[in-house]
Amino acid sequence: MRKTCIDMVYELAKKNKKIIFVGSDLGAGVLDEFKKKIKDRFFMEGVSEQYITGMVAGLAKEGFIPYFNTIATFITRRNFEQNIIDLGLHNLPVRLIGNGGGLVYAPLGPTHQAIEDLAIMRTIPNMNIIAPCDANEMRNLMPQTVNLKGPLYIRLARGGDKVVTNKVKKITFGKSILFGNPKDILFVTTGITTQECLDVVEKLKLKKIRAGVLHNHTVKPFDKRNLLKLAKKTKLIVTVEEHIVSGGLGSLVLEILNSGKSRSINNLLRIGIDNKFVKKYGSQKDLLEYCGISKEKIYSKIIKIYNEKN
(Lines give C-alpha, C1' and ligand atoms only; values in the text may rest on other atoms or scores of the structure.)
Protein backbone atom coordinates (compact mmCIF):
# COMPACT_ATOMS: atom_id res chain seq x y z
CA MET A 1 0.00 0.00 0.00
CA ARG A 2 2.78 2.44 0.89
CA LYS A 3 4.65 1.82 -2.37
CA THR A 4 1.40 2.11 -4.35
CA CYS A 5 0.69 5.48 -2.75
CA ILE A 6 4.02 7.13 -3.53
CA ASP A 7 4.25 5.50 -6.95
CA MET A 8 0.85 7.02 -7.70
CA VAL A 9 2.16 10.46 -6.77
CA TYR A 10 4.73 10.06 -9.55
CA GLU A 11 2.10 8.86 -12.03
CA LEU A 12 -0.14 11.80 -11.16
CA ALA A 13 2.77 14.27 -11.37
CA LYS A 14 3.52 13.14 -14.93
CA LYS A 15 0.02 14.27 -15.91
CA ASN A 16 -0.26 17.38 -13.72
CA LYS A 17 2.56 19.93 -13.59
CA LYS A 18 1.20 21.41 -10.35
CA ILE A 19 2.00 18.27 -8.33
CA ILE A 20 5.16 18.35 -6.18
CA PHE A 21 6.64 15.62 -3.98
CA VAL A 22 8.41 16.50 -0.72
CA GLY A 23 9.99 13.88 1.52
CA SER A 24 11.46 14.24 4.99
CA ASP A 25 14.63 12.16 5.41
CA LEU A 26 13.17 9.15 3.58
CA GLY A 27 15.25 6.08 2.75
CA ALA A 28 17.53 5.89 -0.26
CA GLY A 29 15.78 4.93 -3.48
CA VAL A 30 12.37 6.38 -2.68
CA LEU A 31 10.90 7.65 -5.95
CA ASP A 32 14.24 7.58 -7.78
CA GLU A 33 12.41 7.70 -11.09
CA PHE A 34 10.53 10.84 -10.00
CA LYS A 35 13.82 12.45 -8.98
CA LYS A 36 15.45 11.66 -12.35
CA LYS A 37 12.54 12.53 -14.65
CA ILE A 38 10.88 15.45 -12.81
CA LYS A 39 13.73 16.75 -10.68
CA ASP A 40 12.38 20.31 -10.47
CA ARG A 41 9.31 19.04 -8.57
CA PHE A 42 11.09 16.57 -6.26
CA PHE A 43 12.44 17.69 -2.88
CA MET A 44 14.06 15.56 -0.16
CA GLU A 45 14.44 17.63 3.00
CA GLY A 46 16.06 16.63 6.28
CA VAL A 47 14.49 15.95 9.67
CA SER A 48 12.63 19.26 9.71
CA GLU A 49 8.95 18.43 9.43
CA GLN A 50 7.58 21.66 10.92
CA TYR A 51 9.60 23.74 8.50
CA ILE A 52 8.49 21.52 5.61
CA THR A 53 4.83 22.07 6.49
CA GLY A 54 5.41 25.81 6.14
CA MET A 55 7.29 25.19 2.90
CA VAL A 56 4.50 23.12 1.31
CA ALA A 57 1.93 25.65 2.52
CA GLY A 58 3.83 28.33 0.62
CA LEU A 59 3.96 26.16 -2.48
CA ALA A 60 0.22 25.56 -2.23
CA LYS A 61 -0.39 29.32 -1.95
CA GLU A 62 1.49 29.66 -5.24
CA GLY A 63 -0.85 27.22 -6.97
CA PHE A 64 0.97 23.91 -6.54
CA ILE A 65 -0.41 20.66 -5.08
CA PRO A 66 2.28 19.33 -2.72
CA TYR A 67 2.38 15.71 -1.49
CA PHE A 68 4.45 15.66 1.72
CA ASN A 69 5.57 12.22 2.94
CA THR A 70 7.14 11.23 6.25
CA ILE A 71 6.52 9.08 9.36
CA ALA A 72 2.95 9.43 10.64
CA THR A 73 3.83 10.48 14.19
CA PHE A 74 6.05 13.30 12.92
CA ILE A 75 3.54 14.60 10.36
CA THR A 76 0.72 14.67 12.95
CA ARG A 77 2.04 15.06 16.52
CA ARG A 78 5.12 17.14 15.77
CA ASN A 79 3.35 19.30 13.19
CA PHE A 80 0.07 19.85 14.99
CA GLU A 81 0.29 23.66 15.18
CA GLN A 82 1.58 23.96 11.61
CA ASN A 83 -1.16 21.67 10.34
CA ILE A 84 -3.78 23.87 11.99
CA ILE A 85 -2.41 27.32 11.20
CA ASP A 86 -0.58 26.80 7.90
CA LEU A 87 -2.91 24.24 6.31
CA GLY A 88 -6.29 24.10 8.05
CA LEU A 89 -6.80 27.82 8.59
CA HIS A 90 -5.90 28.64 4.99
CA ASN A 91 -7.65 25.54 3.61
CA LEU A 92 -4.68 24.71 1.39
CA PRO A 93 -4.48 21.67 -0.94
CA VAL A 94 -1.53 19.96 0.76
CA ARG A 95 -1.54 16.13 0.90
CA LEU A 96 0.09 14.77 4.06
CA ILE A 97 1.19 11.15 3.61
CA GLY A 98 1.83 9.51 6.99
CA ASN A 99 3.93 6.34 6.92
CA GLY A 100 3.11 3.77 9.59
CA GLY A 101 -0.33 4.65 10.89
CA GLY A 102 -1.26 2.67 14.00
CA LEU A 103 1.21 0.07 15.28
CA VAL A 104 3.30 -0.38 12.13
CA TYR A 105 6.48 0.87 13.81
CA ALA A 106 5.98 -1.49 16.75
CA PRO A 107 9.72 -2.29 17.08
CA LEU A 108 10.53 1.41 17.68
CA GLY A 109 8.19 1.91 20.61
CA PRO A 110 5.75 4.66 21.67
CA THR A 111 7.66 7.51 19.99
CA HIS A 112 6.87 6.05 16.56
CA GLN A 113 3.44 4.48 17.13
CA ALA A 114 0.78 6.66 15.49
CA ILE A 115 -2.10 5.55 17.69
CA GLU A 116 -3.73 8.95 18.22
CA ASP A 117 -3.23 10.45 14.74
CA LEU A 118 -6.89 10.20 13.68
CA ALA A 119 -8.01 11.95 16.86
CA ILE A 120 -5.45 14.71 16.31
CA MET A 121 -6.16 15.27 12.64
CA ARG A 122 -9.95 15.11 12.71
CA THR A 123 -10.06 18.05 15.16
CA ILE A 124 -8.51 20.33 12.51
CA PRO A 125 -11.13 22.33 10.57
CA ASN A 126 -11.01 21.70 6.78
CA MET A 127 -8.77 18.63 7.19
CA ASN A 128 -9.79 15.56 5.18
CA ILE A 129 -8.64 12.06 6.24
CA ILE A 130 -8.37 8.76 4.40
CA ALA A 131 -7.11 5.37 5.63
CA PRO A 132 -7.32 2.85 2.77
CA CYS A 133 -7.27 -0.86 3.64
CA ASP A 134 -5.29 -2.20 0.66
CA ALA A 135 -3.26 -1.30 -2.43
CA ASN A 136 -6.22 -1.55 -4.82
CA GLU A 137 -8.21 0.95 -2.80
CA MET A 138 -5.21 3.26 -2.60
CA ARG A 139 -4.78 3.08 -6.38
CA ASN A 140 -8.41 4.09 -6.86
CA LEU A 141 -8.43 6.88 -4.29
CA MET A 142 -5.17 8.65 -5.15
CA PRO A 143 -6.39 10.24 -8.43
CA GLN A 144 -9.35 11.62 -6.46
CA THR A 145 -7.00 13.47 -4.10
CA VAL A 146 -5.63 15.79 -6.78
CA ASN A 147 -8.60 18.15 -7.05
CA LEU A 148 -9.84 17.71 -3.48
CA LYS A 149 -10.52 21.00 -1.74
CA GLY A 150 -8.44 21.67 1.36
CA PRO A 151 -5.71 19.66 3.14
CA LEU A 152 -5.70 15.87 3.35
CA TYR A 153 -4.10 13.34 5.70
CA ILE A 154 -3.40 9.94 4.11
CA ARG A 155 -2.84 7.25 6.76
CA LEU A 156 -0.59 4.52 5.39
CA ALA A 157 -0.40 0.97 6.71
CA ARG A 158 2.64 -1.31 6.60
CA GLY A 159 2.21 -2.49 3.02
CA GLY A 160 1.76 -5.96 1.64
CA ASP A 161 -1.71 -6.15 3.16
CA LYS A 162 -4.24 -8.62 1.77
CA VAL A 163 -6.33 -7.10 -1.05
CA VAL A 164 -10.03 -7.23 -0.18
CA THR A 165 -11.49 -4.49 -2.38
CA ASN A 166 -10.72 -5.97 -5.81
CA LYS A 167 -14.39 -6.87 -6.37
CA VAL A 168 -15.75 -3.50 -5.26
CA LYS A 169 -17.28 -1.84 -8.34
CA LYS A 170 -16.74 1.76 -7.32
CA ILE A 171 -14.41 3.27 -4.71
CA THR A 172 -15.33 6.88 -4.10
CA PHE A 173 -13.89 9.42 -1.68
CA GLY A 174 -16.37 10.03 1.14
CA LYS A 175 -18.41 6.86 0.52
CA SER A 176 -18.16 3.82 2.78
CA ILE A 177 -18.12 0.22 1.51
CA LEU A 178 -20.33 -2.53 2.94
CA PHE A 179 -19.17 -6.14 2.98
CA GLY A 180 -21.59 -8.89 4.00
CA ASN A 181 -25.00 -8.98 5.65
CA PRO A 182 -24.98 -7.19 9.04
CA LYS A 183 -28.39 -8.26 10.38
CA ASP A 184 -26.88 -9.34 13.71
CA ILE A 185 -23.56 -7.49 13.91
CA LEU A 186 -22.18 -4.50 12.02
CA PHE A 187 -18.43 -3.96 12.27
CA VAL A 188 -17.42 -0.36 11.52
CA THR A 189 -13.78 -0.19 10.46
CA THR A 190 -11.07 1.76 8.72
CA GLY A 191 -7.61 0.85 7.45
CA ILE A 192 -6.30 -2.64 8.17
CA THR A 193 -8.91 -3.47 10.82
CA THR A 194 -11.19 -4.11 7.85
CA GLN A 195 -9.18 -7.22 6.95
CA GLU A 196 -9.21 -8.41 10.56
CA CYS A 197 -12.98 -8.02 10.81
CA LEU A 198 -13.68 -9.68 7.46
CA ASP A 199 -11.94 -12.77 8.81
CA VAL A 200 -14.03 -12.53 11.99
CA VAL A 201 -17.22 -12.37 9.88
CA GLU A 202 -16.29 -15.67 8.23
CA LYS A 203 -15.81 -17.33 11.61
CA LEU A 204 -19.13 -15.94 12.88
CA LYS A 205 -20.92 -17.55 9.93
CA LEU A 206 -20.06 -20.93 11.43
CA LYS A 207 -22.04 -19.86 14.52
CA LYS A 208 -24.99 -18.78 12.34
CA ILE A 209 -24.32 -15.15 13.23
CA ARG A 210 -24.99 -12.74 10.35
CA ALA A 211 -22.32 -10.06 10.37
CA GLY A 212 -20.97 -7.49 7.95
CA VAL A 213 -18.23 -4.89 7.74
CA LEU A 214 -18.77 -1.20 6.97
CA HIS A 215 -15.34 -0.11 5.79
CA ASN A 216 -14.63 3.62 5.88
CA HIS A 217 -11.58 4.51 3.80
CA THR A 218 -12.68 8.12 4.31
CA VAL A 219 -12.68 9.02 7.99
CA LYS A 220 -13.36 12.71 7.34
CA PRO A 221 -15.79 13.58 5.85
CA PHE A 222 -17.47 10.46 7.22
CA ASP A 223 -20.32 8.71 5.42
CA LYS A 224 -22.91 9.41 8.12
CA ARG A 225 -25.95 8.54 6.05
CA ASN A 226 -24.85 4.97 5.36
CA LEU A 227 -23.93 4.36 9.00
CA LEU A 228 -27.26 5.63 10.33
CA LYS A 229 -29.20 3.60 7.76
CA LEU A 230 -27.40 0.37 8.62
CA ALA A 231 -27.53 1.05 12.37
CA LYS A 232 -31.32 0.68 12.27
CA LYS A 233 -31.06 -2.82 10.79
CA THR A 234 -28.53 -4.50 13.09
CA LYS A 235 -28.54 -5.73 16.69
CA LEU A 236 -24.98 -4.81 17.63
CA ILE A 237 -22.52 -2.23 16.25
CA VAL A 238 -18.81 -2.84 16.85
CA THR A 239 -16.16 -0.27 15.97
CA VAL A 240 -12.66 -1.67 15.55
CA GLU A 241 -9.64 0.58 15.16
CA GLU A 242 -5.84 0.42 15.27
CA HIS A 243 -5.96 3.56 17.39
CA ILE A 244 -6.69 4.59 20.97
CA VAL A 245 -10.39 4.46 21.85
CA SER A 246 -10.35 8.17 22.77
CA GLY A 247 -11.19 10.47 19.88
CA GLY A 248 -10.84 7.98 17.07
CA LEU A 249 -13.29 5.97 14.97
CA GLY A 250 -15.36 4.71 17.90
CA SER A 251 -15.75 8.23 19.28
CA LEU A 252 -16.72 9.48 15.84
CA VAL A 253 -19.40 6.80 15.48
CA LEU A 254 -20.76 7.68 18.93
CA GLU A 255 -21.00 11.33 17.90
CA ILE A 256 -22.85 10.45 14.69
CA LEU A 257 -25.31 8.11 16.41
CA ASN A 258 -25.94 10.77 19.05
CA SER A 259 -26.49 13.57 16.52
CA GLY A 260 -28.80 11.29 14.53
CA LYS A 261 -30.75 10.45 17.70
CA SER A 262 -30.17 6.77 16.93
CA ARG A 263 -31.29 4.22 19.49
CA SER A 264 -28.42 2.05 18.29
CA ILE A 265 -26.10 4.12 20.50
CA ASN A 266 -27.12 1.73 23.30
CA ASN A 267 -25.88 -1.25 21.28
CA LEU A 268 -22.37 -0.05 20.51
CA LEU A 269 -19.10 -1.74 21.43
CA ARG A 270 -15.81 0.07 20.83
CA ILE A 271 -12.68 -2.03 20.33
CA GLY A 272 -9.32 -0.28 20.15
CA ILE A 273 -6.18 0.52 22.12
CA ASP A 274 -6.54 1.65 25.73
CA ASN A 275 -5.67 5.30 26.29
CA LYS A 276 -2.15 4.63 27.47
CA PHE A 277 1.29 4.18 25.94
CA VAL A 278 1.94 0.75 24.46
CA LYS A 279 5.14 -0.25 26.22
CA LYS A 280 5.46 -3.71 24.72
CA TYR A 281 7.85 -4.15 21.78
CA GLY A 282 7.62 -6.63 18.92
CA SER A 283 6.02 -6.85 15.49
CA GLN A 284 2.80 -5.14 14.44
CA LYS A 285 1.06 -8.51 14.69
CA ASP A 286 2.39 -9.00 18.23
CA LEU A 287 1.03 -5.64 19.33
CA LEU A 288 -2.35 -6.14 17.65
CA GLU A 289 -2.67 -9.31 19.74
CA TYR A 290 -1.40 -7.57 22.89
CA CYS A 291 -3.86 -4.67 22.46
CA GLY A 292 -6.81 -6.97 21.78
CA ILE A 293 -7.41 -5.98 18.17
CA SER A 294 -6.23 -9.11 16.39
CA LYS A 295 -8.93 -11.14 14.65
CA GLU A 296 -8.66 -13.84 17.33
CA LYS A 297 -9.17 -11.37 20.18
CA ILE A 298 -11.99 -9.57 18.35
CA TYR A 299 -13.78 -12.86 17.74
CA SER A 300 -13.53 -13.88 21.40
CA LYS A 301 -14.96 -10.55 22.59
CA ILE A 302 -17.82 -10.67 20.10
CA ILE A 303 -18.86 -14.22 20.94
CA LYS A 304 -18.91 -13.42 24.65
CA ILE A 305 -20.97 -10.24 24.26
CA TYR A 306 -23.30 -11.68 21.64
CA ASN A 307 -24.07 -14.68 23.83
CA GLU A 308 -24.77 -12.38 26.81
CA LYS A 309 -27.23 -10.34 24.73
CA ASN A 310 -28.97 -13.40 23.34
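Higher on the page you've got the structure.
Let us look at the structure shown here. In this text, all values refer to a predicted model and were calculated from it rather than measured experimentally. (Residues numbered from 1 in each chain as written. Predicted model: local features only at pLDDT ≥ 70, side-chain atom pairs only at ≥ 80, totals over all residues. Heavy atoms only, no water.)

1. A short note on the nonpolar core
Right, on to step 1. Membership of the largest hydrophobic core comes to 65 residues, with the highest contact counts inside it found for Ile185, Phe187 and Leu204.
Right, on to step 2. In this structure, Phe187 is in contact with Cys197, Val200, Val201, Leu204, Ala211, Gly212, Val213, Leu214, Val238, Val240, Ile298 and Ile302, ignoring residues within four places of it in sequence. (Core = buried A, V, L, I, M, F, W, Y, C linked by side-chain atoms within 4.5 Å. Buried < 20%, exposed > 50% of the residue type's maximum accessible area, 1.4 Å probe, protein only. Contact = heavy atoms within 4.5 Å.)

2. A look at helix H12 (residues 295-309)
Right, on to step 1. Between its first and last C-alpha, H12 extends 21 Å over 15 residues, near the 21 Å set by a 1.5 Å rise per residue.
Right, on to step 2. Regarding H12, the residues found buried are Ile298, Tyr299, Ile302, Ile303 and Tyr306. Buried residues of H12, seen end-on, are gathered within an arc of 130 degrees and therefore sit on one face of the element. For H12, the exposed residues lying more than 90 degrees away from the buried face are Lys304 and Glu308.
Right, on to step 3. Looking at the buried side of H12, the elements it contacts are strand E8 (185-189), helix H8 (193-205), strand E11 (236-244) and strand E12 (268-273). (Helix = DSSP H or I, 4+ residues; strand = E, 2+ residues; numbered from the N terminus. Expected span 1.5 Å × (residues − 1). Arc of directions from axis to C-beta.)

3. As for the packing of aromatic side chains
Aromatic ring pairs are reported here in terms of the distance separating the ring centres and the angle at which the planes meet.
Right, on to step 1. Per the stated rule, a full pass over the model turns up four aromatic pairs.
Right, on to step 2. When the centroid spacing of 6.1 Å and the interplanar angle of 45 degrees are considered together, the rings of Phe21 and Phe34 count as tilted. Here Phe21, found in strand E1 (residues 19-24), pairs with Phe34, found in helix H2 (residues 32-37); they are 13 residues apart in sequence, far enough to count as distant. Assigned by exposure class, Phe21 and Phe34 land together as buried.
Right, on to step 3. Seen in terms of ring centroids, Phe21 and Phe42 are 5.6 Å apart; in terms of plane orientation they differ by 20 degrees. Their pairing is stacked. (Phe/Tyr/Trp six-rings, centres within 6.5 Å; stacked < 30°, edge-to-face > 60°.)

4. Here we look at the pattern of salt bridges
Right, on to step 1. Following the criterion strictly, the structure yields 13 salt bridges and no others.
Right, on to step 2. Close ionic contact of Glu116 with Arg77 constitutes a salt bridge, the shortest N to O distance being 2.9 Å. Of the two residues, Glu116 sits in the loop between strand E4 (95-99) and helix H6 (117-122) while Arg77 sits in helix H4 (residues 72-78), which places them 39 residues apart along the sequence.
Right, on to step 3. When its relative accessible area of 17% is taken as the criterion, Glu116 is described as buried.
Right, on to step 4. Linked by salt bridges that have partners in common, Lys162, Asp199 and Lys295 make up one network. (Salt bridge = Lys/Arg side-chain N within 4 Å of Asp/Glu carboxyl O.)

5. Quick notes on the environment of Phe173
Right, on to step 1. With respect to the helices, strands and loops of the structure, Phe173 is situated in the loop between strand E6 (152-155) and strand E7 (177-180).
Right, on to step 2. C-alpha separation for the pair Phe173 and Thr145, spaced 28 residues apart in sequence, amounts to 8.4 Å.
Right, on to step 3. The contact partners of Phe173, leaving out residues within four places of it in the chain, are Asn128, Ile130, Leu141, Gln144, Leu148, Leu152, His217, Thr218, Lys220 and Pro221.

6. Comments concerning the packing of H8 against H12
Right, on to step 1. Two numbers describe how H8 lies on H12: the axes approach to 9 Å, and their chain directions differ by 50 degrees. As far as their axial angle goes, H12 and H8 are oblique. For H8 against H12, the interelement crossing comes out right-handed. Counting all contacts with H8, which are made through Glu196, Cys197, Asp199, Val200, Lys203 and Leu204, the residues of H12 involved are Lys295, Ile298, Tyr299, Ile302 and Ile303.
Right, on to step 2. Tallied by class, residues from the contact of H8 with H12 come to seven nonpolar, no polar and four charged. (Axes fitted to C-alpha atoms, helices over the stretch in contact; angles between N-to-C directions. Parallel < 35°, antiparallel > 145°, perpendicular 65-115°, else oblique. Left-handed = near helix turned anticlockwise from the far one by under 90°. Nonpolar A, V, L, I, M, F, W, Y, C, P; charged D, E, K, R; others polar.)

7. As for the sheet that holds strand E9 (residues 211-215)
Right, on to step 1. Spatially, five strands are ordered E7-E9-E8-E11-E12 in an open sheet, and the strand pairing comes out mixed. The sheet terminates laterally at E7 and E12, the two strands that pair on one side only. Neighbouring strand axes in the sheet, compared pairwise and without regard to direction, differ in orientation by 20 degrees on average.
Right, on to step 2. Relative to E9, E8 runs parallel, the two being bridged by five bridges. Residue pairing for E9: Phe187 is matched across the bridge by Val213. (Pairing = 2+ DSSP bridges.)

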